[in-house]
Amino acid sequence: MSQQHTTAGFQTTQWSVVVAAAGDARLLEPLLASYWGPIYAFIRRSGRSREQAADLAQQFVAEVVLERGLLEKACPERGRFRTFLKAALRNFLVDQHRRSVAKGRSPSLPVGGSAALDRLEPAEDGDPGDAFDRQWATTLLSITLERLASECAAAGQAPHWDAFRAAVIDPALGHDRAPAMEALAERLGVDSPTKVSSMIQTVRRKFRRTLRQVVEETTADAAAADDEIASLRRFLGA
């Protein structure tokens, strides 16, 4: 993945969602789930160990977001929500340093434990803000792929999804080389490489549509989706 990026390329999270989540637990839970990874990445790149970063991320959510009502203080006039959240994180870490967090505290890991942290581990280069935005981009991509897989399964297109994953997703993530269409057709039990290629194109179109839907859910206005998608692709090297 390319490491060249300017954080200015990302648009604001939809403020109506942020404001509503401050008083609605049903909206708050998915919002916090979306931002836990970026929060962890920010803290991790600030020089903390994996366990310290996981523990501090949990503390930030519990103490700053929930107990101190951070979302109630958020408003569109403050600019982008991610910028607002990163400023709150910086203040939190300064406060933690001043208070010299008590030693011997057992880390509170997110659901999935250390395996989940492996997926959230930020790159060694870049600053905490870049790490936050990189993980946010990864979160959007993960949500998109989860929805796409579910959509394919519901439509009876599980083989289409398997073909797309093997030919597009795994190679893009560096998990494997793209297989030859002939080999992929044989593996999936499809009668021709041409048909496999057509299946992949079908899912590729679904991917683009689903990605736009996910992005539009996180932008202040639908017209900003094109810029957000372009920034996300540059950031992920896609």
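Residues numbered from 1 in each chain as written. Predicted model: local features only at pLDDT ≥ 70, side-chain atom pairs only at ≥ 80, totals over all residues. Heavy atoms only, no water.

Draft legend 1. Quick look at the environment of Pro171. Among the structural elements, Pro171 can be located in helix α8 (residues 158-172). Excluding residues within four positions of it along the chain, Pro171 makes contact with Arg165, Ala166, Asp176, Arg177 and Ala178. (Helix = DSSP H or I, 4+ residues; strand = E, 2+ residues; numbered from the N terminus. Contact = heavy atoms within 4.5 Å.)

Draft legend 2. Broad picture of the confidence of the model for the protein chain. Across the protein chain, pLDDT averages 77, with 74% of residues at or above 70. Per-element confidence in the protein chain ranges from a low mean pLDDT of 48 for helix α6 (residues 113-120) to a high of 94 for helix α9 (residues 181-188). A low-confidence stretch, residues 1-12 stays under pLDDT 50, and its non-local contacts, those more than four residues away or across chains, total 43 contacts. In the predicted structure, residues 100-118 sits below a pLDDT of 50 and forms 26 contacts with residues beyond four places in sequence or in another chain. (pLDDT = per-residue confidence, 0-100.)

Draft legend 3. Looking closely at helix α3 (residues 50-67). Between its first and last C-alpha atoms α3 spans 24 Å; for 18 residues at 1.5 Å apiece the expected length is 26 Å, and the two agree. Remark: the principal bend of α3, roughly 25°, maps to Phe60. Within α3 the residues assigned to the buried category are Ala53, Ala54, Asp55, Leu56, Ala57, Gln59, Phe60, Val61, Glu63, Val64 and Val65. (Expected span 1.5 Å × (residues − 1). Bend = angle between axes of the 7 residues up to and from the residue. Buried < 20%, exposed > 50% of the residue type's maximum accessible area, 1.4 Å probe, protein only.)

Draft legend 4. Region of interest: the packing of aromatic side chains. In the structure shown here, the tally under the stated rule is 5 aromatic pairs. For the ring pair Trp161 and Phe164, a centre distance of 6.2 Å and an interplane angle of 35° mean the geometry is tilted. With Trp161 and Phe164 both in helix α8 and 3 residues apart, the pair spans about one turn of that helix. Judged by relative accessible area, Trp161 falls into the buried class, the value being 12%. Phe164 gets classed as buried once you look at its relative accessible area, which sits at 2%. Taken together, the ring pairs in this structure connect Trp161, Phe164 and Phe207 into an aromatic cluster. (Phe/Tyr/Trp six-rings, centres within 6.5 Å; stacked < 30°, edge-to-face > 60°.)

Draft legend 5. Just the pattern of salt bridges, in detail. Within this structure, the stated rule accounts for 3 salt bridges. Glu151 is the partner of Arg209 in a salt bridge, and the nearest nitrogen-oxygen pair spans 2.7 Å. Separated by 58 residues along the polypeptide, Arg209 in helix α10 (residues 193-216) and Glu151 in helix α7 (residues 128-154) bring together distant segments of the chain. Connected through shared salt-bridge partners, Glu151, Lys206 and Arg209 make up one network. (Salt bridge = Lys/Arg side-chain N within 4 Å of Asp/Glu carboxyl O.)

Draft legend 6. Spotlight on the packing of α8 against α10. With their axes 8 Å apart at the nearest point, α8 and α10 run at an angle of 85° to one another. The orientation of α8 with respect to α10, classified from their angle, is roughly perpendicular. On the side of α8, the interface is formed by Pro159, His160, Trp161, Ala163, Phe164, Ala167 and Val168, while α10 contributes Val196, Met199, Ile200, Thr202, Val203, Arg204 and Phe207. Looking at the contact of α8 with α10 residue by residue, the classes come out as 11 nonpolar, 2 polar and 1 charged. (Axes fitted to C-alpha atoms, helices over the stretch in contact; angles between N-to-C directions. Parallel < 35°, antiparallel > 145°, perpendicular 65-115°, else oblique. Nonpolar A, V, L, I, M, F, W, Y, C, P; charged D, E, K, R; others polar.)

Draft legend 7. Spatial organisation of the nonpolar core. The biggest cluster of nonpolar side chains holds 35 residues, and the ones touching the most others in it are Ile39 and Phe60. Every element with two or more residues in this core is listed here: α1 (15-21), α2 (25-44), α3, α4 (70-73), α5 (81-99) and α7. The contacts of Ile39, once residues within four sequence positions are left out, are Ala57, Phe60, Val61, Leu85, Leu89 and Phe132. With 22 residues, the next largest nonpolar core counts Leu148, Leu184, Val215 and Ile229 among its residues. (Core = buried A, V, L, I, M, F, W, Y, C linked by side-chain atoms within 4.5 Å.)

Draft legend 8. Structural view of the environment of Gly129. For Gly129, the location among the structural elements is in helix α7. It is 9.4 Å that separates the C-alpha atoms of Gly129 and Arg82, two residues lying 47 residues apart in sequence.

Draft legend 9. How the structure looks around the side chain of Ser34. As for its position among the elements, Ser34 is in helix α2. Setting aside its immediate chain neighbours within four residues, Ser34 contacts Trp136, Thr139 and Ile143.

Draft legend 10. Here's a closer look at the packing of α2 against α7. Two numbers describe how α2 lies on α7: the axes approach to 7 Å, and their chain directions differ by 150°. Here α2 lies roughly antiparallel to α7, going by the angle between them. Read as a crossing pair, α2 and α7 show a hand that is right-handed. Here α2 contributes Ser34, Tyr35, Gly37, Pro38, Ile39, Ala41 and Phe42 to the contact with α7, which in turn contributes Pro128, Gly129, Ala131, Phe132, Gln135, Trp136, Thr139 and Ile143. Per-class residue counts for the contact of α2 with α7 are 10 nonpolar, 5 polar and no charged. (Left-handed = near helix turned anticlockwise from the far one by under 90°.)

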